[in-house]
Amino acid sequence: MTAFRFIHSSDLHLGRRFASLPDTPDGNLRGRLMEARHAAIGRLAAAARDHGAAHVLLAGDTFDSATPSAAVVRQALAAMGEAEGIHWWLLPGNHDNLREAEPLWDAIRRDAPANVQALTEAAPVECAPEATLLPCPVEWRSAGRDPTEPLAGMPSAPGALRLALAHGGVTDFTDSGASVPPDRDRSARLDYLALGDWHGRLEVGPRVHYPGSPEQDRFRHDRRGVCLAVTLAGPGAPPEVTEVETGSFLWARKSLRLTPGEDAAAALGALLPATGRRGILLTVEAGGRASLAEQAALRATARRAAPEFALFRLVTDALASHYEAADLDEIDRAGALRLAADRLRDEALDEALAPEQREIAAQALARLYAIVREGRT
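Residues numbered from 1 in each chain as written. Predicted model: local features only at pLDDT ≥ 70, side-chain atom pairs only at ≥ 80, totals over all residues. Heavy atoms only, no water.

A. Expanded view of the overall build of the chain. A count of helices and strands for the chain gives 9 helices and 15 strands. In terms of overall dimensions, the chain is more spread out than a globule: its C-alpha atoms have a radius of gyration of 26 Å, far above the 21 Å expected for 377 residues. Once the C-alpha set of the chain is aligned to its principal axes, its extents read approximately 90 × 40 × 35 Å. Across the 377 residues of the chain, 50% fall into the buried class. In the chain, once contacts between residues fewer than 6 apart in sequence are set aside, the share between residues at least 24 apart is 71%. Each charge class in the chain was averaged separately, 42 positive and 52 negative side chains, and the resulting centres sit 2 Å apart. (Helix = DSSP H or I, 4+ residues; strand = E, 2+ residues; numbered from the N terminus. Rg over C-alpha atoms; globule rule 2.2 N^0.38 Å. Buried < 20%, exposed > 50% of the residue type's maximum accessible area, 1.4 Å probe, protein only. Contact = heavy atoms within 4.5 Å. Lys, Arg positive; Asp, Glu negative; His and termini not counted. Charge placed at Lys NZ, Arg CZ, Asp CG, Glu CD.)

B. Geometry of the pattern of salt bridges. Per the stated rule, a full pass over the model turns up 15 salt bridges. Measuring nitrogen to oxygen at the nearest pair gives 2.4 Å for the salt bridge that ties Arg16 to Asp217. Taken together, the positions of Arg16 in the loop between β1 (4–9) and α1 (29–50) and Asp217 in the loop between β10 (208–210) and β11 (226–232) put the pair 201 residues apart, joining distant regions of the chain. Exposure remark for Asp217: the relative accessible area of 8% places this residue in the buried category. (Salt bridge = Lys/Arg side-chain N within 4 Å of Asp/Glu carboxyl O.)

C. Geometry of the sheet that holds strand β9 (residues 202–205). Here we have 6 strands laid out as an open sheet, ordered β5-β6-β7-β8-β10-β9, and mixed in their pairing. Two strands bound the open sheet, and with one partner strand each, they are β5 (125–128) and β9. Between one strand axis and the next, the sheet turns through 25 degrees on average, direction left out of account. Of the pairings in the sheet, the one linking β5 to strand β6 (residues 131–135) comprises 3 bridges and is antiparallel in character. When the bridges of β6 are listed, Ala128 appears paired with Ala131. (Pairing = 2+ DSSP bridges. Axes fitted to C-alpha atoms, helices over the stretch in contact; angles between N-to-C directions.)

D. Expanded view of the packing of aromatic side chains. With the rule as written, the count across this model stands at 5 aromatic pairs. Between Phe4 and Phe6 the ring centres are 5.9 Å apart and the planes differ by 40 degrees, which places this aromatic pair in the tilted class. With a centroid separation of 5.1 Å and 65 degrees between ring planes, the pair formed by Phe219 and Trp251 is classed as edge-to-face. Taken together, the residues span a long stretch of sequence, with Phe219 in the loop between β10 and β11 and Trp251 in strand β13 (residues 250–258) at a distance of 32 residues. These aromatic residues form a ring-pair network of at least three members: Phe4, Phe6 and Tyr192. Over the face of the ring belonging to Trp140 we find Arg99, whose NZ or CZ atom lies 4.5 Å from the ring centre. (Phe/Tyr/Trp six-rings, centres within 6.5 Å; stacked < 30°, edge-to-face > 60°. Lys NZ or Arg CZ within 6 Å of the ring centre and 35° of its normal.)

E. The side chain of His55, seen in detail. Residue placement: His55 occurs in strand β2 (residues 55–58). Classification of His55 by relative accessible area gives buried; the value is 10%. Discounting residues that sit within four places of it in the chain, His55 has contacts with Phe4, Arg5, Phe6, Ile7, His87, Trp89, Cys127 and Ala128.

F. Representation of the state of the cysteines in the model. Under the criterion given, the structure shown has 0 disulfides. The thiol of Cys127 is unpaired, and the distance to the nearest cysteine sulfur, on Cys136, comes to 15 Å. Given a relative accessible area of 13%, Cys127 falls into the buried group. (Disulfide = S-S within 2.5 Å.)

Here it is as structure tokens:
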């Protein structure tokens, strides 16, 4: 039997608008992110060609909503159609489920090129003489329902590979609503279970995998998106799974813990990546303690670096202030400004006050220090 090769991907979320993400001053970030999601189609096609695969399995949430614009749908289908020699298999997921997105799937069946097929029924499909697809389309978005339940009863041709596609979370025995049994590959006699829903790369077992989104969209996984190039030598043979990087943007979160007297600006500079900043969305979470002068230097360094990144955010909610007399003297040695600074410092250190009040006072004092300092430069 000739080895069967395919690409496993999911969660493209085409049409996502990133409305909750703060846009950059030039207003280009959201558009760049949306375009990167569309361009992932071409990168998946390239991964298929590079690994000798004629099939791309998309395990749900190809579209971000049940009602993507006609342009998003038609442009996606056109891009897939241009991938000559590659067959695309689209499974309805949570966001583009069958009940809410019925017009969408009707349009795909009507307008899709010959090499794109919607898997809208929980019924076996022969994708090649040696392989049978067993799809589990999501009928409607609901937690706690096992979408893979029909798999055990789905037939396949004798001697054919059993490849299942499903969209949902693997049971983790919490109240998260995840309900796919982690041993579904064994109970349904599967050679491979292609899962979608989790946006990060995750191997549940040798035959059960999440590829994650090919283009990341959140500060959680700290790596660029990948797809999986899978080779199956024959029924029962262990899958050969290779990660192929497909993401153009890196969403990263880093921690910076400071101590009084430390050069905060230098510490931040050492933490920042030296290259590729235009393709990086970075959140730096500062913690520990720093003087007002050190905090001002930290924020100034962040402001200088920010335009080089796709997005840069410095979060200082966990950064406590270490107050030095020299800092307050720099605001003023006497008069109204000094009285205000002393009062804010006292409130920031007053443990009898609520934490929110203390934080407001600390932020106000840091802002007062920055304003006075900026006015003298």
